[in-house]
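Each chain, written out:
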Amino acid sequence: MTANSVPSKIFTPKAARPAPVKTTGAVAWMRQNLFNGWFNTILTLAIVVGVGSVLPAMLDWVFLSASFSGAAQADCTGTGACWVFINAWSQQLFYGTYPAEEIWRINICVVLMAGVLSAPVWLPHHLRNRVDIALLLLFPLVAVVIMDGRLLGLQYVSTDHWGGFTFNVMLAAVSMILGMPLGFLWALGRRSTSMPMIRSICVVLIEFFRGVPILALFFMGSVMLPLFFPEGTTVDKLLRVWIVLVLFMAGYMAEVYRGGFQAIPKGQYEAADSLGLSYWQTTLLVILPQVIKVSMPNILATAVMLFKNTTFLLIIGVPEVLNTAQSALNNSAWLGGYASEAYLFVGFVFWCCCFGMSMVSNHIERKLDTTRR
Amino acid sequence: MLKKTAMLAIGLTAGVSLSAQAGTLEDVQKRGVVSCGVSTGLAGFSQKDEKGQWSGMDVDVCRAVAAAVFGDDTKVQYKPLTAKERFTALQSGEVDILSRNTTWTQSRDTSLGLNFVGVNYYDGQGFMVSKKLGVKSALELDGATVCIQAGTTTELNLADYFRANGLKYTAITFDTSDQTRAAFESGRCDVLTSDQSQLYALRIGLQKPDEAIVLPEVISKEPLGPAVRQGDDVWFNIAKWSLAAMIEAESLGITSKNAADLVASGTPDQKRFLGVEGDFGKNMGISNDWAKNITLKVGNYGESFERNVGQGSPLKIARGLNAQWNQGGILYSWPIR
Amino acid sequence: MSNGKSPAFYNNPHVRALVYQTLLLAGLGWFMFSIVSNTLANMEARGIRTGFDFLGNVAGFDILMSLVPYDASKTYFDTFIVGLLNTVLVSVIGIVFSTLLGFVMGVANFSSNWLIRKLSVLYVEVFRNIPVLLQIFFWYFAVLAALPNARNSISLGEAIFLNIRGLYLPKPVAEPGAGLVYGAIVVALVGIVVLKVWAKRKQDRDGSQLPVLWMSLGMLVGLPLLAFMVAGAPFTLDFPTLRGFNFQGGITVIPELMALSVALSIYTGAFIAEAVRAGVQAVPHGQTEAARSLGLRDGQIMKLIVVPQAMRVIVPLLNSEYQSLVKNSTLATAIGYPDLFTVFVGTSLNQTGQAIEIVAMTLTVYFTVNMLISLGMNLLNRKVALVERK
């Protein structure tokens, strides 16, 4: 303790030696993740060689030798892709033949749609349930009124001019919004024990719309449905297709809800019953929110599927984006074979949207997953 | 519930239209536009440009009818239809006139509840082959693979022709002309068969048009024409004479450029045509300057032809059968008098 | 209620149920009646024929590919059969390959190789999020269209040829004595079933496992091979040769079939890979750890512990993926592969104009096929579920 008790020897550790190169840093990472074992080494090398042989040529075609600016076929001077084609047709690819000076109406609808679909995020808590559902159900109506224009005193734009990518988006959104409640009704009907007739009708509806190809349903809409209406009545092709899409969606959603219903514990019903809630109160206030929560990932996956399936409308000649692209490819001023550019562009746009939606889906899934911490 | 009812009401106003059981002409006049069924995209016949403007031989018929009824060729609502939907669309009243590259056949004219009003393009099915094959005639095509653009008569004509000549072949059917062309270009098939007018359009679309030739054989008669619903003679007459006026204008030498001058200085024939003399429009229930309007807005048949498929277009199709009767073709319109 | 009266009859749930159902039925009946009467009236007014008589008429057009003999002189019913078989063919090919691809890519997600893991993720995210119709166009118009023409075919030993017209394979032609080989195949199949049952009994008895897979494969290859040699090679190969415009002879796989199968397999495979990933992830980690502490090898852990449990999650998902594959096969019509949709709803409908009959027949077929798939997968599901309970 005193001054003269200074220890004769103090342990001074040597500076630590750096870790062996083989266990840290880039080299070790590569050893662990790329070259662990002969099998993985071969696979790694094969992938590197494969990517290395394809990527430069692709980049060259897409960017380096491509033509970007211009307005006519003559401007495609490069040896690579001719993005001029996409440029010249971009308005139609996105908006169809909607009059140029009225395109703001489509933009408003798209913004509204984004607002309505994201409403659960920005609405204050106490308003969510009531307002959100009202907003959702009102949206298709508002969108149709804006696009059509007659009721608002705007220029009338007939459905023949609706088209392009925004049309795919809107059609998917409104079909989704209307298909969800309808599907819920069907799913409820299917669960009904006291009304066997209603149950069998719902089962038939659900299984029919899930069991047949949507392309066949579109054909029904375009070729058969006109025969179903009384003589002298014509129903717009778009409306017919829309009906088909809503029913198709309802069938798929009913199946999604069925999985959701199975996840609800019986105690929830019993608790609601003991509180004296009626059937509809129980269903709408207790069960529905939980079903939606449980099925959210599947609902979104179904929405993505529906969105991608709107391209099938090409085959019955509805001017959605792929159809617009094909009619552009057939235009006599652009007969140079720009199919790769067109399909690549459409594929890219779809990929961005669908990938974004699956990201959102993952996010919600993680957020709603209250079971795991 | 209220919301749903409202929605239904809107849906109905937006999409469902009850055509009154009156005549098509009254319906069209009340609506303010002619609803015209066209092809979803067929070079030279009905195609949309970057701005969404329709043009083509078939489209010009729609414009002519609109010009005759309203004096304004833009009052047309184009309804692109696939081959399968076209007759249903006309029958159900979704379109007032079907101008969609449709072959006039007996069975269609008599059993589908429609009437053809005339022929706006005399076509025939032909073959296109790659020059490298060295084929000069369709009879040398034994064992070939044939790309077909799905039509309604194309497949049958092809099967008949090859069977009649004892030739074997493999057929691949595509939905759109773009797909057919792409398949031909890649070498998937040796031969491409379609209506001749389309063969020229497809040939232009090839990367190397010079390496393909159209064979001389024409294996079928394909008179393409517009059609209207059966049982409405007033409308039938308007459509029929709108088409006839385009052809007649050419034989009278009236063009979109000189029509205005000829009103004062024309021959009696020309003056009758332009509505200066006689009541030819009134007899059909439309204004007397109907034919003048058609010529001014759309042009005569020759102008329409050259602009859409002839020398003024990338297709560069020769007039051939579609020239006037006194110039080697078979176009012969009925006199307006 | 308190004064002992029974509730009013309109509050009786049974009465209500009856009333609701009657109303709905009446509404539905009226709806159906008006549709049927409208349709009949419309068809009469438009001179559209009705009934199924057209099935006996001569079709008069040719079809690119047929698994049964067909030419232009056959009837519309034959076109239906040809289209149906082609649909079944592409569906079976698609299901087999999408399952293989999906399982490989799904398991690749758990690889120790970083590149492989990323490749698996990339594969799923790219191909799942692009409409399948675009993918079909891509494979057909961009990839397969780049193959050489018939004269410059890629050939493998002058027996197999690949060009823009398709893949040409030699075709085995049976000669007298071939029956012995067919018989050997049947015997081998029976033997495999017997072996499987016997191996199961043995395992239940003394816990030892037999290499059933290898023994089965050995039987399946060995027995027919033996018969082949005993019978003195009763097969000759019909090689494809270039004559005139095309290769003649052999078996031809048309590019439309290849493009459609590839696109459907890759698209559906992405979904299956995702299902497999989810299935494997759903098996708690403790299971693997416990198995390892029991001394099981990695391969055994996969086969005996992880896969049977993962299958419970995977099988129901597979069911819907297979069904959607069959439904998506209708897109064949976009590239001209002669499936049921192209041939029957396409050309035959164009020729006859009998939309209602043809669409109804087609819907029935797809509905039935999907029900069969569902039935099969439910059986499989019951089997994997039992494994869990034991």
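Residues numbered from 1 in each chain as written. Chains lettered and ligands numbered in written order. Predicted model: local features only at pLDDT ≥ 70, side-chain atom pairs only at ≥ 80, totals over all residues.

## Digging into the overall build of chain B
How we decide: Secondary structure counts use DSSP, requiring at least four H or I residues in a row for a helix and at least two E residues in a row for a strand, with both numbered from the N terminus. The atom set for the radius of gyration is the C-alpha atoms, and the globule formula is 2.2 Å times the number of residues raised to the power 0.38. Remark: C-beta atoms are placed from the backbone, and a residue is labelled buried if 20 or more other C-beta atoms sit within 10 Å of its own, exposed if 12 or fewer do, or partly exposed between those counts.
Within chain B one finds 13 helices and 15 strands. Its C-alpha atoms give chain B a radius of gyration of 22 Å, within 12% of the compact-globule value 20 Å for 337 residues. For chain B, the residues scored as buried account for 55% of the 337 residues in total.

## Things to note about the overall build of chain C
Keep this limit in mind: Contact between two residues is assigned when their C-beta atoms, built from the backbone, lie within 7 Å.
When helices and strands are counted, chain C shows 11 helices and eight strands. Taking 2.2 N^0.38 as the reference for a compact globule, 390 residues should give roughly 21 Å; the C-alpha atoms of chain C span a radius of gyration of 28 Å, well beyond that estimate. Overall size of chain C, expressed as C-alpha extent along the three principal axes, is 85 × 70 × 45 Å. Within chain C, residue pairs in contact and separated by at least 24 positions form 68% of the contacts whose partners lie at least 6 positions apart.

## Points about the sheet that holds strand E3 (residues 166-169) of chain C
Residue and element names in this part refer to chain C. Stated formally: Here a strand pair is declared whenever DSSP counts at least two bridges between the two strands. For helices, the fitted line uses only the C-alpha atoms of the stretch in contact; every axis is such a line through C-alpha atoms, and the angle between N-to-C directions lies from 0 to 180 degrees.
Read across the sheet, four strands follow the order E1-E2-E3-E8 without closing on themselves; strand pairing throughout is antiparallel. Where the open sheet ends on each side, the last strands, each with one partner, are strand E1 (154-156) and strand E8 (251-253). This sheet shows a mean twist of 15 degrees between the axes of neighbouring strands, independent of strand direction.

## Re the packing of helix H13 (residues 321-329) of chain A against helix H14 (residues 339-368) of chain A
Helix packing geometry: the angle between the two helix axes and the distance between the axes. Residue and element names in this part refer to chain A. Put simply, the rule is: Here is the rule for angles: anything less than 35 degrees is roughly parallel, anything more than 145 is roughly antiparallel, 65 through 115 is roughly perpendicular, and the remaining ranges are oblique. Take the far helix as your reference; a near helix turned counterclockwise from it by less than a right angle gives a left-handed crossing, and one turned clockwise gives a right-handed crossing. The classification used treats Ala, Val, Leu, Ile, Met, Phe, Trp, Tyr, Cys and Pro as nonpolar, Asp, Glu, Lys and Arg as charged, and all other residues, Gly among them, as polar.
One can describe the packing of H13 onto H14 by two numbers: an axis separation of 10 Å at closest approach and a directional angle of 165 degrees. In terms of orientation, H13 lies roughly antiparallel with respect to H14. Pair H13 / H14 crosses with right-handed handedness. Seen from H13, the contacting residues are Val321, Leu322, Ala325, Ala328 and Leu329; seen from H14, they are Ala339, Ala342 and Val346. Within the contact of H13 with H14, the residues separate by chemical class into eight nonpolar, no polar and no charged.

## A word on helix H9 (residues 298-328) of chain C
Here is the rule we go by: One fewer than the residue count of a helix, multiplied by 1.5 Å, yields its expected span. One fitted axis covers the seven residues ending at a residue, a second covers the seven starting there, and the bend at that residue is the angle between these axes.
Between the first and last C-alpha of H9 of chain C there are merely 38 Å, a value that for 31 residues lags more than 12% behind the 45 Å anticipated at 1.5 Å per step. Its axis deflected by about 45 degrees at Val306 of chain C, H9 of chain C carries its strongest bend there, up to four residues before the proline Pro308 of chain C.

## Notes on the confidence of the model for chain C
Predicted coordinates in regions of low pLDDT should not be interpreted in detail. All names here are of chain C. In plain terms, the rule: Each residue carries a pLDDT score, the predictor's own confidence in it, on a scale running from 0 to 100.
Model confidence for chain C is summarised by a mean pLDDT of 86, while 97% of its residues fall at 70 or above. Predicted confidence in chain C is weakest over strand E7 (residues 246-248), with a mean pLDDT of 78, and strongest over helix H2 (residues 76-108), with 94. For this predicted complex, the interface confidence score (ipTM) comes to 0.86, while the overall pTM stands at 0.85.

## Quick notes on the interface of chain B and chain A
Facing the 44 residues of chain B at the interface are 35 residues of chain A. Counting residues per element, the ones that place at least two in the side of chain B that touches chain A are helix H1 (2-15), strand E1 (16-18), strand E3 (47-48), strand E5 (76-81), helix H7 (177-186) and helix H8 (196-205) of chain B. Sorting elements by how many residues they give to the side of chain B that touches chain A places H1 of chain B first, with seven residues. By residue class, the composition of the side of chain B that touches chain A is 15 nonpolar, 20 polar and nine charged.

## Some thoughts on the sheet that holds strand E11 (residues 169-174) of chain B
All names here are of chain B. Across the sheet, five strands lie side by side as E11-E10-E12-E9-E13; this open sheet has mixed pairing. The two strands at the open ends of the sheet, each matched to only one other strand, are E11 and strand E13 (212-214). The mean inter-strand angle of the sheet, taken between neighbouring strand axes irrespective of direction, is 25 degrees. Bridge count between strand E9 (residues 125-130) and strand E12 (residues 191-195): five bridges; the pairing is antiparallel. When the sheet's bridge partners are listed, Val129 is paired in E12 with Val191. Sheet strands in contact with helix H6 (residues 154-164) are E9, strand E10 (144-149), E11 and E12, and its direction is about 155 degrees off that of E10. This element, H8, spans E9, E10, E12 and E13 of the sheet and lies at about 130 degrees to E12.

## What about the UniProt feature "domain: ABC transmembrane type-1" (unreviewed entry) in chain C?
Basically, it comes down to this: UniProt positions are given in the numbering used here, feature names are shortened, and annotations may be inferred rather than shown by experiment.
Following the UniProt record, one finds the feature "domain: ABC transmembrane type-1" (unreviewed entry) at residues 84-377 of chain C. Along residues 84-377 of chain C one finds 69% helix and 10% strand; the C-alpha atoms at either end are 21 Å apart.

## Some thoughts on the environment of Asn288 of chain B
Residues and elements named next belong to chain B. As for its placement among the helices and strands, Asn288 is situated in the loop between helix H11 (268-273) and helix H12 (290-297). Counting along the chain gives 13 residues from Asn288 to Gly275, while the straight-line C-alpha distance between them is 5.1 Å. Setting aside residues up to four positions removed in sequence, Asn288 forms contacts with Gly275, Asp279, Phe280, Gly281 and Lys282.

## Description of the pairing of E12 of chain B
Residue and element names in this part refer to chain B. Along E12, five of the five residues are buried, which leaves the element largely enclosed by surrounding structure. Pairing geometry for E10 and E12, over three bridges, is parallel. Across the sheet, Ile148 pairs through a bridge with Thr193, a residue of E12.

## Remarks on the nonpolar core
So the rule is basically this: A set of buried residues drawn from Ala, Val, Leu, Ile, Met, Phe, Trp, Tyr and Cys, joined through C-beta atoms within 7 Å, is what defines a nonpolar core.
Cys62 and Val65 of chain B together with Ile136 of chain C are the most contacted members of the largest nonpolar core, which totals 264 residues. When residues no more than four places from it in sequence are discounted, the contact partners of Ile136 of chain C are Ala259, Leu260, Ala263, Leu331, Ala334 and Ile335 of chain C.

## Observations regarding unusual backbone geometry
Residues and elements named next belong to chain B. At Asn101, a position not held by glycine, the phi torsion is positive, near 55 degrees. Structurally, Asn101 is set in the loop between strand E6 (97-98) and helix H5 (106-111). Among the residues examined, Asn101 registers 27 C-beta atoms within 10 Å and is labelled buried. The phi angle at Lys316 is positive, at roughly 55 degrees, despite the residue not being glycine. Position of Lys316 among the secondary structure elements: in the segment after helix H13 (301-308). On the neighbour-count criterion, Lys316 (13 C-beta atoms within 10 Å) is partly exposed.

## Details of the interface of chain C and chain A
Contacts between the two partners involve 46 residues from chain C, matched on the other side by 43 residues from chain A. Elements that contribute at least two residues to the side of chain C that touches chain A include exactly helix H1 (13-46), helix H3 (114-128), helix H4 (132-143), helix H10 (340-352) and helix H11 (355-389) of chain C. Residue contributions to the side of chain C that touches chain A peak at 14 residues, all from H1 of chain C. Of the residues belonging to the side of chain C that touches chain A, the class tally is 33 nonpolar, 11 polar and two charged.

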